[in-house]
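Tertiary structure, described
Residues per chain, in single letters:
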Amino acid sequence: MELHDKTVHELCDMLDNNETTSVELTKACFNRIKDVEDKVQAFITITEDAALKQAEETDKKRKNGEVLGILHGIPMAIKDNMCTEGILTTCGSKMLSNFVPPYTSTAVNKLNTAGCILLGKTNMDEFAMGSSTENSYFKKTKNPWDLNRVPGGSSGGSAAAVAACEAPFSLGSDTGGSIRQPAHYCGVVGMKPTYGSVSRYGLVAFASSLDQIGPFTKDVHDMALILSTITGHDPKDSTSYPREYPDFTKALNQDVRGMKIALPKEFFGKGINEEVKSAVMNVAKKYESMGAKVEEVSMPMSDYALPVYYLIACAEASSNLARYDGIRFGYRAQDVESLDDLYKKTRSEGFGDEVKRRIILGTYALSSGYYDAYYKKAQQVRTLIKKEFDDVYKNYDMILTPTGPTVAFEFGQNSDNPLEMYMNDICTVPINIAGVPAMSMNCGFDSKGMPIGMQLVGKHFDEFNILKLAHAMEKELGLNNKSKL
Amino acid sequence: MAYNDYEIVMGLETHVELKTNTKIYCNCTTDFGGDPNTHCCPVCIGLPGTLPVLNEKVVEFAIRAGLATNCEIQEYSKQDRKNYFYPDLPKAYQISQFDLPLCYEGKVDIIVDGVKKDIGITRIHIEEDAGKLLHESIPGSLVDYNRGGVPLIEIVSEPDLRSSDEVKVYLEKIKTMLKYIDVSDCKMQEGSLRCDVNISVRKHGETKFGTRTELKNMNSFAYIIKAIGYESKRQIDFIEAGGTIVQETRRWDEVHGVTESMRGKEEAHDYRYFPDPDLMPIVTTKEKIKNIKDTLPELPEAKKERYIGQFGLTPYDANLIADYKNVAEFFETSIDGIKTPKTVANMIIGDIYSRFDTEEEKEDFNIPVSPSQFNELVKVIESGMISNSIGKKVLEEMWETGKAPMQIIEEKGLKQMDNQDELREIVRKVLAANPQAVEEYKGGKEKAFMSLVGGVMKETKGKANPQMVNDVMKEELK
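Criteria and thresholds
- Residues numbered from 1 in each chain as written.
- Chains lettered and ligands numbered in written order.
- Predicted model: local features only at pLDDT ≥ 70, side-chain atom pairs only at ≥ 80, totals over all residues.
- Heavy atoms only, no water.
- Buried < 20%, exposed > 50% of the residue type's maximum accessible area, 1.4 Å probe, protein only.
- Helix = DSSP H or I, 4+ residues; strand = E, 2+ residues; numbered from the N terminus.
- Pairing = 2+ DSSP bridges.
- Right-handed = clockwise from strand over helix to strand, strands pointing away.
- Expected span 1.5 Å × (residues − 1).
- Polar contact = N/O pair within 3.5 Å; in protein donor to acceptor, adjacent residues only side chain to side chain.
- Contact = heavy atoms within 4.5 Å.
- Buried area = accessible area lost by both parts, 1.4 Å probe.
- Salt bridge = Lys/Arg side-chain N within 4 Å of Asp/Glu carboxyl O.
- Nonpolar A, V, L, I, M, F, W, Y, C, P; charged D, E, K, R; others polar.
- Axes fitted to C-alpha atoms, helices over the stretch in contact; angles between N-to-C directions.
- Core = buried A, V, L, I, M, F, W, Y, C linked by side-chain atoms within 4.5 Å.
- Patch = residues over 30% accessible without salt bridge, like charges linked within 9 Å, V, L, I, M, F, W, Y side chains within 5 Å.
- Areas by Shrake-Rupley, 256 points an atom, 1.4 Å probe, with all protein chains shown as cover.
- Lys, Arg positive; Asp, Glu negative; His and termini not counted.
- Charge placed at Lys NZ, Arg CZ, Asp CG, Glu CD.
- Arc of directions from axis to C-beta.
- Domains from an automatic or database assignment.

So, about the pairing of strand β7 (residues 260-264) of chain A. Residues and elements named next belong to chain A. Most of β7 sits out of view: 4 of its 5 residues are buried. Sheet topology places β7 next to strand β8 (residues 293-297); 5 bridges connect them, and they run parallel. Across the sheet, residue leucine 263 finds its bridge partner in β8, namely glutamate 296. Between the parallel pair β7 and β8, the chain is carried across by helix α8 (residues 274-289), and the sense of this crossover is right-handed.

Set out below in structure tokens:
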């Protein structure tokens, strides 16, 4: 096995035992990137010079006995909607194609402080709006398992980079499934932590009440390591929750006997592919045989999750994206006649179709005369959806569902019909609405060899039990999660 | 047609910058001025990914203002986004408050022409200020975000105001109060107090309000008065000519002395208010409100009444002192142990105010005489050691040199002469030198007596105890 194939925890051990260096690791990643990036197209920006320089410094520090943290010297990739000081941060948009932030987001900062090395910024659907990464202004990222298929989205670049072993781990963001769905499509582990557990400071906002940063990793152990590093209260984010977070690696190798798992039948119903369904049901049976209690429940409110999601997310987006007006930063249209003209041309030329569609939808939902019927109603239903989750958690420790209705689809398959594209989010969206944590992990393959993800959905701030159940299942299944790329 | 047939109905929206050290959602300074865009950071220029964090002081200051204007305080309040595009608004939305303002249902009373009247306060909410557009120096416009994110409160009054006099008194009252409770400098020339006037007219006796127009963003009392005068006449003329007033936003054009339409109702913004998902609700406990209440100073109104009742000041003098926080403080410190606080008030108003050229100096009251020295001076006068007029001279000397009054009195030998024998000597001398005045006095001319006393005072360089001079003089003239 080559260096780039290894997991973060394996690399950490090697570094600790002086079996490799950060420079060696970083070079291995860039070599891998050189080999496969032409096919995968996971990155928008590659920061090779800075990374190698940083790796050298990291090695020097280690030599001097100064180890910054468990991840000291580990390379990483970051979704291009997290601000990185002095490094282009585009959000996959023409609008920010020239934007170099003067500051670094808190989550990335925490990883920098822990000694991680930034390899580059990954491709994404423009402003994180999409389920296939086809909405990027820059390029189309391919699924490493089948280059004719999408990697999922919106964090497609971050998922593909890990699946293609270009980076040992990466960060993505998840507003309605943008980490879990690409993790499912690319056969990697992807977690959307509890809303409020990872600071959003420096994450370019799509929908503020739903956005959450989370990691992509090759296995559950790595997920526990990265999660332990990025969670925590941030005084710069008022929605970040002040509490202590556990050492998540303690969740590994634990007994799952006696845990109660709910299977909501609405997540296994219409539109869910049979092969996907049976892979997840297989997991349910295995949990039972491991001593967990698995029962079917009903969560009827989840039927309303998709419309609620699109109203709230688009309403917030219409306001969050209003600042891209060509005045202070980013793209500015030329040859304008007036201020109004500057606004109109800049926004018409700078945004892609999907972004415009959602801004229009959100503006409408907030408009005077429509607010009560749309935005306010959606917020009321949101409360009911949250309550439904709370009710399930009165009797169960965990909810198990498929991550998405199908495996990765082929390019162009859904791009003509936005509504069908939105259906890909049907299993992931309710989780963002409720604010609870959820993780997708590979649990098998379909007949064509495409990975299938299962989703574990925990109580608020109970990432610990998600990792516990996931790690047990990972060991039980013993799948080979490596794409043939 | 008679303008007198009409009544003007007005409500005010007063925007006041709070004098917190830092901005409402970031740690940038709120200092006025500075080179353009030097009081800014990623948060207050709205860079992608930045988030607001509420400055708790802003909530405290707004609640102070609410309590001072007899408002109810919302225990569960929230912040909303007001969405519109303009280059001075970096995020293209202003964080403000829509349906749950921090303070609501208050009132302040004003006195105009001796008549007291309550003006209802609909609400007070917190919000962020915008930047400033600069149209000079280059073709096109520049924008300075130094002011962006400076905390504001907006005080919305009920449509209870009926004349520009009432508006002026109301605004002065608000200004005095906010300075008193130390939440704002209210410097109109720096734009830290600006107001919008909602104005309509109707015939006397009419119970329904007329259609209103809104006069935007005025930051001088003089402009406000002129704009109200112009706009009310314009509306009356228009109605009398058979027209119907349309609801619109107008601006005061100082150069031409007219109001002009900015935008009509159709072009009015749909602000699409919704709760800001980046901020948590503002929860204020009863206990916190009480704590804030306990730190509020005695307000000018209460002070005035106390000065009149407890110290025997005239309402006029009480106003002149209580209206200025620093003066009132000085007054109250310097009357300690004084039998006649009125003397102190007279000296402040007569001898100290006369040294000031501007209202600002009065407000600052940054004088070289300390309250304890002033107190000592008044005590010396009360004891009869020096006369009032010598007192003025001593004060002057204190002002120039910063020396204590007793030191000055001793150094300059200003102690009052109250040795009766000594005085009698001098009186006799004066009488002998002015036989004509003595004659006149004896002939019934009271004035002559005063000139004889004056002679004694001149002889003693003003140090003679005036009462004693009077008594001795009368004895000698018998």
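With that settled, the discussion passes to the sheet that holds strand β10 (residues 151-157) of chain B. Residues and elements named next belong to chain B. Taken in spatial order, the 9 strands of this open sheet run β2-β6-β7-β10-β1-β11-β12-β13-β14, and their pairing is mixed. The strands lining the two open edges of the sheet, one partner per strand, are β2 (72-73) and β14 (258-264). Pairing analysis gives 5 bridges linking strand β1 (residues 6-17) to β10, with the strands arranged antiparallel. Opposite glutamate 17, over in β10, you have leucine 152 as the bridge partner.

Let us look at helix α1 (residues 56-68) of chain B. All names here are of chain B. Here α1 contains 13 residues, and its C-alpha end-to-end distance of 19 Å stays within 8% of the 18 Å for a straight helix at 1.5 Å per residue. Across the 13 residues of α1, 10 count as buried, placing the element largely inside the fold. Those residues of α1 that sit buried are Val58, Val59, Phe61, Ala62, Ile63, Arg64, Ala65, Gly66, Leu67 and Ala68. Looking at where α1 begins, the residue whose side-chain oxygen comes 3.0 Å from the main-chain nitrogen of lysine 57 is asparagine 55.

Let us look at the interface of chain B and chain A. By convention, interface size is frequently given as the accessible area that disappears when the constituent parts associate. Opposite the 31 residues of chain B that make contact, chain A presents 38 residues. Among the residues chain B hides against chain A, the three largest losses belong to B:Pro48, B:Phe85 and B:Arg272. Together they make up 23% of the total. Across the salt bridge formed by B:Asp278 and A:Arg200, the nearest N and O atoms sit 3.0 Å from each other. Taken together, the connections running from chain B to chain A amount to 16 residue pairs in polar contact (both at pLDDT 80 or more). Every element with two or more residues in the side of chain B that touches chain A is listed here: β4 (80-83) and β15 (274-275) of chain B. Split into classes, the residues belonging to the side of chain B that touches chain A amount to 22 nonpolar, 4 polar and 5 charged.

A word on the sheet that holds β4(B). Taken in spatial order, the 3 strands line up as β5-β4-β15 (chain B) in an open sheet, and their pairing is antiparallel. Unpaired on one side and paired on the other, β5 (93-96) and β15 of chain B mark the two borders of the sheet. Pairing between β4(B) and β5(B): 4 bridges, direction antiparallel. Bridge pairing in β5(B) links B:Lys82 to B:Gln94. Sitting on the sheet, helix α9 (residues 305-320) of chain A is in contact with β4, β5 and β15 of chain B, with an inclination near 60° to β4(B).

Under the counting rule described, the total for this entry stands at 60 salt bridges over all chains. A:Asp16 serves as the salt-bridge partner of A:Arg62, at 3.1 Å between the closest nitrogen and oxygen. Of this pair, A:Arg62 sits in helix α3 (residues 48-63) while A:Asp16 sits in helix α1 (residues 8-16); the two residues are 46 residues apart in sequence, bridging distant segments of the chain. B:Lys19 is the salt-bridge partner of B:Asp182, the closest N and O atoms lying 2.8 Å from each other. Of this pair, B:Asp182 sits in the loop between α2 (164-180) and β11 (193-203) while B:Lys19 sits in the loop between β1 and α1, and the two are 163 residues apart along the sequence. A relative accessible area of 35% means that B:Asp182 is categorised as partly exposed. Connected via shared salt-bridge partners are A:Arg200, A:Asp237, B:Arg81, B:Asp276 and B:Asp278.

Ranked by size, the top nonpolar core spans 60 residues in total, and within it A:Phe127, A:Tyr324 and A:Phe389 carry the most contacts. Ignoring any residue separated from it by four or fewer positions in sequence, one finds A:Phe389 in contact with A:Met299, A:Ile399, A:Pro430, A:Ile431, A:Ala434, A:Val436 and A:Val457. Counting 59 residues, the second largest nonpolar core, distinct from the first, contains B:Met10, B:Leu67, B:Ile153 and B:Leu296.

With that settled, the discussion passes to the side chain of B:Asn465. All names here are of chain B. Structurally, asparagine 465 can be placed in the loop between α15 (446-459) and α16 (466-477). At a separation of 3.1 Å, a polar atom in the side chain of asparagine 465 contacts the main-chain amide nitrogen of glutamine 467. Beyond its immediate sequence surroundings of up to four residues, asparagine 465 is in contact with Gln416, Met417, Asp418 and Leu423.

A few words on a nonpolar patch on the surface. Residue and element names in this part refer to chain A. Where nonpolar side chains cluster on the molecular surface, the patch consists of Tyr364, Tyr370 and Tyr374 and spans about 280 Å² of accessible area. Structurally, the position occupied by tyrosine 364 is in helix α11 (residues 353-366). On the accessibility criterion, tyrosine 364 (39% relative accessible area) is partly exposed.

You can see A:His471 is positioned in helix α15 (residues 463-477). Excluding its chain neighbours within four sequence positions, the residues that come into contact with A:His471 are A:Val220, A:His221, A:Leu252 and A:Asn253.

Residues B:Asp357, B:Glu360, B:Glu361 and B:Asp364 make up a contiguous surface patch of negative charge. Considering the arrangement of structural elements, one finds B:Asp357 in the loop between α8 (341-352) and α9 (359-364).

So, about helix α13 (residues 420-433) of chain B. All names here are of chain B. Taking 1.5 Å of rise per residue, 14 residues should cover 20 Å, and α13 covers 20 Å from first to last C-alpha, within 8% of that figure. Of the residues making up α13, those classed as buried are Leu423, Arg424, Ile426, Val427, Val430 and Leu431. In a view along the axis of α13, the buried residues occupy a sector of 165°, so they form one face of it. Looking at α13, the residues exposed on the side facing more than 90 degrees away from the buried face are Asp421, Glu425, Lys429, Ala432 and Ala433. Looking at the buried residues of α13, the elements they touch are α14 (435-442), α15 and α16.

Residues and elements named next belong to chain B. According to the domain assignment, chain B consists of domain 1 (10-199 + 259-291), domain 2 (296-412) and domain 3 (420-477). Between the C-alpha centres of domain 1 and domain 2 the distance comes to 36 Å. Domain 1 puts 11 residues into the contact, and the matching count from domain 2 is 13 residues. With both chains or domains summed, domain 1 and domain 2 bury close to 1000 Å², and 60% of this area falls on carbon and sulfur atoms. Considering only the side of domain 1, the residues that lose the most area to domain 2 are Thr176, Lys179 and Tyr180, jointly responsible for 54% of the buried surface there.

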